[in-house]
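Next come the chains, spelled out residue by residue.
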Amino acid sequence: MSPDVRRARFRVEGIVQGVGFRPFVYGAARRLGLKGYVLNDSRGVEIVLEGSEDEILNFEKTLTGSPPPRARILKIQKSWEEPEGEKEFSIRESRSLDTTQALISPDIATCPDCLREMLTPGDYREGYPFINCTNCGPRFTITLRIPYDRKNTTMAPFEMCPVCKAQYYDPEDRRFHAQPNACRRCGPLPSLYKSDGTKIETGDPIGFLGKELLAGKSALIKGLGGFHLACDSTDTDAVIRLRSRKRREEKPFAIMAPDLERAESLCDLTDADRDLLTSFIRPVVIAPMKKDSGVSKEVAPGQNTLGIMLPYTPLHHLLMKKVNRPLVMTSGNFSDEPIIYRDDEAREQLAPAVDYLLLHNREIYARCDDSVARTFSDRPYVIRRSRGYAPDPLVLPWKSQKTVLACGGELKNAFCILKDDRAYISQHIGDLKNPETMDAFRHSLNHFKEIFRLSPEAVAYDLHPDYRSTRFALEETGDIPKIGVQHHHAHIVSVLAERGEEGPVIGVSADGTGYGEDGAIWGGEWMTADFKSYKRLLHLKYTPLLGGDRAAWEPWRMALAYLYPLSGELLVDLPLGCVSKITSDNWPVLLKMLKTGVSSPPTSSMGRLFDAVSALLGIRLESHYEAQAAMELEQAAEKITDRSYPFKITGDAFPLQVDPTPAIEAMLWEILKKKPVSEISGVFHNTVALMIKEGCARVREESGLDRVVLSGGVFQNMLLLGLAVRHLEDEGFKVLVHSQVPTNDGGISLGQAVIGAEKLKHAGF
Ligand SMILES: [Zn+2]
Ligand SMILES: [Zn+2]
Ligand SMILES: [Zn+2]
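The following refers to the structure shown. (Residues numbered from 1 in each chain as written. Chains lettered and ligands numbered in written order. Predicted model: local features only at pLDDT ≥ 70, side-chain atom pairs only at ≥ 80, totals over all residues. Heavy atoms only, no water.)

### Some thoughts on the overall build of the protein chain
The helix and strand tally for the protein chain stands at 22 helices and 28 strands. The globule rule puts the C-alpha radius of gyration for 765 residues at 27 Å, and the 28 Å found for the protein chain is close to it. Counting only C-alpha atoms, the protein chain reaches 95 × 65 × 50 Å along its principal axes. Counting across all 765 residues of the protein chain, residues that qualify as buried make up 61%. Counted over contacts in the protein chain with a minimum sequence separation of 6, partners at least 24 positions apart contribute 72%. (Helix = DSSP H or I, 4+ residues; strand = E, 2+ residues; numbered from the N terminus. Rg over C-alpha atoms; globule rule 2.2 N^0.38 Å. Buried < 20%, exposed > 50% of the residue type's maximum accessible area, 1.4 Å probe, protein only. Contact = heavy atoms within 4.5 Å.)

### Looking at the layout of surface pockets
Reported here for the second largest pocket is a volume of approximately 380 Å³. Contributing to the lining of the second largest pocket are 19 residues, with Pro-190, Gly-203, Asp-204, Pro-205 and Ile-206 lying nearest its centre. For the lining of the second largest pocket, the secondary structure elements donating two or more residues are β6 (190-194), α5 (205-214) and α9 (314-323). Taken together, the residues of the lining of the second largest pocket break down into 8 nonpolar, 5 polar and 6 charged. (1 Å grid on protein atoms, 1.4 Å probe; cavity = no way out; pocket = protein on both sides within 12 Å on 5 of 7 lines; lining within 4 Å. Points joined across faces, edges and corners; volume = space filled by probe spheres on them. Nonpolar A, V, L, I, M, F, W, Y, C, P; charged D, E, K, R; others polar.)

### Topic: the state of the cysteines
Counting across every chain of the model gives 0 disulfides. Cysteine Cys-231 is unpaired, with the sulfur of Cys-267 as its nearest cysteine sulfur at 17 Å. Among the cysteines around Cys-416, which has no disulfide bond, Cys-407 carries the closest sulfur, lying 10 Å off. Exposure remark for Cys-416: the relative accessible area of 0% places this residue in the buried category. (Disulfide = S-S within 2.5 Å.)

### Quick notes on unusual backbone geometry
In this structure, the amide linkage connecting Gly-503 to the following residue, Pro-504, adopts the cis form with an omega of 5°. Along the chain, the position of Pro-504 falls in the loop between α13 (487-498) and β20 (505-510). With an omega of 0°, the peptide bond between Phe-654 and Pro-655 qualifies as cis. With respect to the secondary-structure elements, Pro-655 resides in the loop between β25 (648-650) and β26 (656-659). One non-glycine residue, Ala-627, adopts positive backbone phi at about 65°. Examined against the element boundaries, Ala-627 turns out to sit in the loop between α17 (606-616) and α18 (628-636). With a phi angle near 60°, Lys-674 is a residue other than glycine that sits in the positive phi range. Structurally, Lys-674 is set in the loop between α19 (661-672) and α20 (677-703).

This is the structure:
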């Protein structure tokens with residue numbers, strides 16, 4: 001052995017498995033004439049190199065400078081050792097270690113190389129709907145446990161044919177150690193059924209289905225993380241039929257466009273939208289719909305935006321090529337239940353809703369909905385963080401001393417497990433009120449614990465005693481410390497954590513609901529906050545939630561609650577839709593509730609204020625899905641920045657109260673004078689943005705803080721968000737908003753986990 005030979009060991013952590021990392025290392029090492037080996041273990045990747053010091057350092061440069069496109073290196077440790085006389089460079093069998101930091105990659109959209117091969121006549125995998133390689137394909141949704149090897153995925157039953165095997169073992173090949181590698185001869189295959197279960201004998205099930213979809217038929221299509229319901233989005237009758245069968249009367253459907261060019265013809269896209277649409281994550285992107293899009297109005301009734309995505313599996317690409325028009329591709333589930341992901345469930349529950357079922361025989365292990373995002377200020381603004389994002393952790397700039405499980409909220413649930421500097425946020429789980437969703441929660445939690453080998457040492461939960469996530473935390477997590485976290489505090493800290501910032505800051509939570517420490521329902525809150533605690537300095541003035549929880553679905557109730565202090569019993573004579581809809585026999589009960597507050601707990605909810613105004617303007621008196629009234633109010637608005645309605649900030653001691661009653665009164669007059677709804681809605685949005693700014697100015701006077709964090713479900717309203725940021729920045733505030741984590745309750749588990757970790761630290765655990 002030459003005396004110049006040196007030996008180095010690299011330990012690489014991050015997303016380094018299932019993303020073509022070992023072939024990359026193999027190629028780089030061989031090019032530099034280095035000997036040694038690379039292997040996957042449960043912590044990541046280990047590389048041992050022997051050769052000249054210069055070449056080893058060159059290798060390190062390549063490793064850090066140009067890793068494979070899908071890899072995400074979080075940490076590299078290098079150590080020098082005594083040379084052992086390695087003769088060649090090889091890829092060794094994976095090794096399982098006890099402690100783990102290995103990360104499973106999210107599922108990755110079909111890469112350009114695979115797409116080209118699939119569409120090339122005569123290619124070995126021409127037209128094969130499950131083509132993939134180390135740069136693309138299913139990952140998280142097929143992985144049962146780590147290390148990420150074929151035997152630990154739902155590809156285990158498929159024995160590779162000689163051709164696939166040769167590629168799999170050829171370090172020069174793009175499919176070298178691609179775990180889901182397959183072809184028509186050895187891999188999963190699609191099959192088409194009628195809704196009654198009869199198999200359709202055809203050599204081209206995708207082509208067959210494509211023709212039927214063009215003829216107005218509907219289908220259930222098995223995808224990556226669950227089933228989609230599909231039909232031609234330009235065919236109004238087909239969309240109406242699907243809608244009625246899905247029992248989803250008005251909620252917007254997502255669309256899959258054949259390609260970016262077609263997506264451009266449907267929506268007005270920004271560069272940031274285009275980047276997001278074509279990213280390997282491929283979320284549903286919500287963007288303004290073009291007037292002449294050709295998409296049926298029934299796809300997104302009452303909306304002027306459309307949720308669009310591009311094909312992200314080879315099967316989608318083949319189908320979209322066949323139909324060459326935008327398809328409805330909506331989650332295969334009933335209203336708030338979790339997306340269906342097993343063949344038997346699909347056959348039993350969804351088959352009657354469609355004409356055809358396009359199935360395949362690769363099992364989905366982890367259910368995972370499509371992610372949904374918008375863009376704000378040229379950055380992604382994720383609304384539902386799921387496929388393509390999960391289970392990728394967020395990396396924080398500090399470490400937690402304990403592993404903390406945070407159970408999240410009740411609606412749009414996602415949990416989070418914080419360990420060291422990694423926050424593992426689950427895929428979107430949904431509304432925990434359904435027993436099916438609670439089962440999905442448990443399944444997903446066990447999956448995360450398994451694939452990341454996490455065992456929580458403490459649990460954080462929302463203060464709402466009736467949330468299923470709270471009950472789970474208190475009843476099903478064993479004898480570990482349990483930390484209650486206020487809902488809106490969690491929203492604010494979630495932004496801080498994802499942006500890598502720390503408090504104290506001014507936090508504004510504009511939200512639909514959230515259990516308050518005084519027993520009221522909070523949701524329009526101005527506070528100072530850091531990781532450990534918060535102080536409530538202002539809130540939207542309490543208004544009775546007329547009839548309790550029903551008010552969230554019947555916005556007319558909130559309109560009455562806001563009108564009553566202005567009109568008293570004259571309310572019954574106001575010429576408004578939200579008043580005239582009430583029959584005379586219902587008035588005595590309603591007036592009694594308004595007068596005495598019976599069955600009407602006080603709320604400071606900003607979401608309910610938007611509901612009230614939506615009903616007041618006659619836009620939406622009853623909602624059929626969450627936040628429908630507020631969404632339609634936003635859609636109706638023109639952007640107005642130079643006019644606002646009056647409001648008051650009252651009180652002698654903190655918390656002060658922000659009283660929108662003068663604004664309601666001004667709106668009432670304008671409605672009676674028949675001002676256009678679009679203008680009133682626009683002025684109202686501007687007024688709320690000014691309320692937010694004015695409240696922050698009061699907090700700044702008191703605290704000296706000038707950084708503002710905006711969070712809560714109401715900030716899904718992009719018009720309000722834009723106006724609030726603008727007014728705050730004009731006033732000299734630095735504003736932080738979400739990007740990768742949802743501003744709705746899908747984001748609170750991150751805040752809960754961080755607050756939980758901090759409280760534990762201070763409690764001396
Ligand atoms: Zn590929
Ligand atoms: Zn094969
Ligand atoms: Zn919330």
